Amino acid sequence: MTNKTKGIFLAAFGASMWGFSGILAQIFFEDYGASSEWLVSCRLVFAGLCLLAYAKWGQGTDVLSIFKNTRDRRELFLFALLGMLGVQYLFFKTIEGSGAGMAAILQFTSPIFIYAYLVLKGERSAKKLEVALVASTILGVVLLVTRGQFDGLSISPLALITGLGSAVAVAYYTLQPRRIQKRYGSTLVVAWGMLLAGLAFQLIQPLWLLDFTLDGRAILLLLLIISFGTAFAFLSYLSSTAYINPGLANLMTALEPLLASILSVLVLGQPLNWAELLGIALVIVSIMAFSRLSE
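Residues numbered from 1 in each chain as written. Predicted model: local features only at pLDDT ≥ 70, side-chain atom pairs only at ≥ 80, totals over all residues. Heavy atoms only, no water.

The protein chain is annotated in an unreviewed UniProt entry as EamA domain-containing protein of Aerococcus sanguinicola. UniProt lists a comment for the protein chain under the heading Subcellular location (unreviewed entry), and it reads "Endomembrane system". Under Sequence similarities (unreviewed entry), UniProt gives the following word-for-word description of the protein chain: "Belongs to the EamA transporter family." (UniProt positions renumbered as here; feature names shortened; annotations may be inferred.)

Its 19 residues give helix H7 (residues 157-175) an end-to-end C-alpha distance of 27 Å, which sits within 8% of 27 Å, the value for a rise of 1.5 Å per residue. Turning to H7, its buried residues are Ala159, Leu160, Thr162, Gly163, Gly165, Ser166, Ala167, Ala169, Val170, Ala171, Tyr173 and Leu175. (Helix = DSSP H or I, 4+ residues; strand = E, 2+ residues; numbered from the N terminus. Expected span 1.5 Å × (residues − 1). Buried < 20%, exposed > 50% of the residue type's maximum accessible area, 1.4 Å probe, protein only.)

Moving on: the environment of Ser65. Structurally, Ser65 is set in the loop between helix H2 (36-58) and helix H3 (70-98). Residue Ser65 is classed as buried on the basis of its relative accessible area of 18%. Between the alpha carbons of Ser65 and Tyr184 there is a distance of 8.3 Å; along the sequence they are 119 residues apart. For Ser65, the residues in contact, after removing those within four places along its chain, are Tyr184 and Leu188. Polar contacts involving the side chain of Ser65 include one to the main-chain carbonyl oxygen of Asp62, which spans 2.7 Å. (Contact = heavy atoms within 4.5 Å. Polar contact = N/O pair within 3.5 Å; in protein donor to acceptor, adjacent residues only side chain to side chain.)

Now for the pattern of salt bridges. Under the criterion given, the structure shown has eight salt bridges. A salt bridge links Asp72 to Arg179; its shortest N-O distance comes to 2.4 Å. Of this pair, Asp72 sits in helix H3 while Arg179 sits in helix H8 (residues 178-184), and the two are 107 residues apart along the sequence. Accessibility expressed as a relative area gives 0% for Asp72, which makes it buried. Of the charged contacts, one joins Lys93 and Glu96 as a salt bridge, the two residues approaching to 3.3 Å between their closest N and O atoms. Separated by three residues within a single helix, Lys93 and Glu96 lie in helix H3, roughly one turn from each other. Relative accessible area serves as the criterion here: at 21%, Lys93 is assigned to the partly exposed category. (Salt bridge = Lys/Arg side-chain N within 4 Å of Asp/Glu carboxyl O.)

Given below as structure tokens:
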């Protein structure tokens, strides 16, 4: 296996596991009546601990080094509370309200918000083709949330807001920690980001306060969401950038909304009409093309 093939496989596996975990989360919500708040609280704490353990014993990293500098510490807390917590909570809130497929597609539009920020800040100029791809993405989202019936939304306004909010949070999550990621590495930053966000979220939804029955099947779903859908997914995706460039790795993330949409039909029995299929295609193809242009 060549390095490029290995990198593509790792990125594809990570993205696929994100899509898979979204479906598992939807099953968890529907079958057990658990809240997105409790799942986020649980997922962040335990996934953060797993990644932190990997950083310490798998990579030999001094996991407390990031706290020794005041500026680094402040940026880490901002990343945890505004970036990581925003991404995780808004994404799962959207799954709870509109399903895994819709949540993944809406979050996948995050490059548009990154692009808008960089243009407004003057770090790059707007190009006609990029603007056309933005318009194509917006059209795809409109088709998805209306199902082609433009007189109303097919999802709740709250789900649309949280879904687009998760995309904005991904943009912040991507841009804000660039300096400390270069200094300490992505694994350590993401690990502490998850754990700190999870600990902070205990003030809103403590882990020990369950409003549903936690049986063996529920525990298995949680283990899969935390391990494969979070810890392994992040490690796999981050590891892929050692073999392929970040632009190619980013293209592989298209598997997340694609897989989530397919599994929503096959596993959860949620049919898609022509407008939704066209909307999914427009969003995925437009964002993939947009990402290639942005390299």
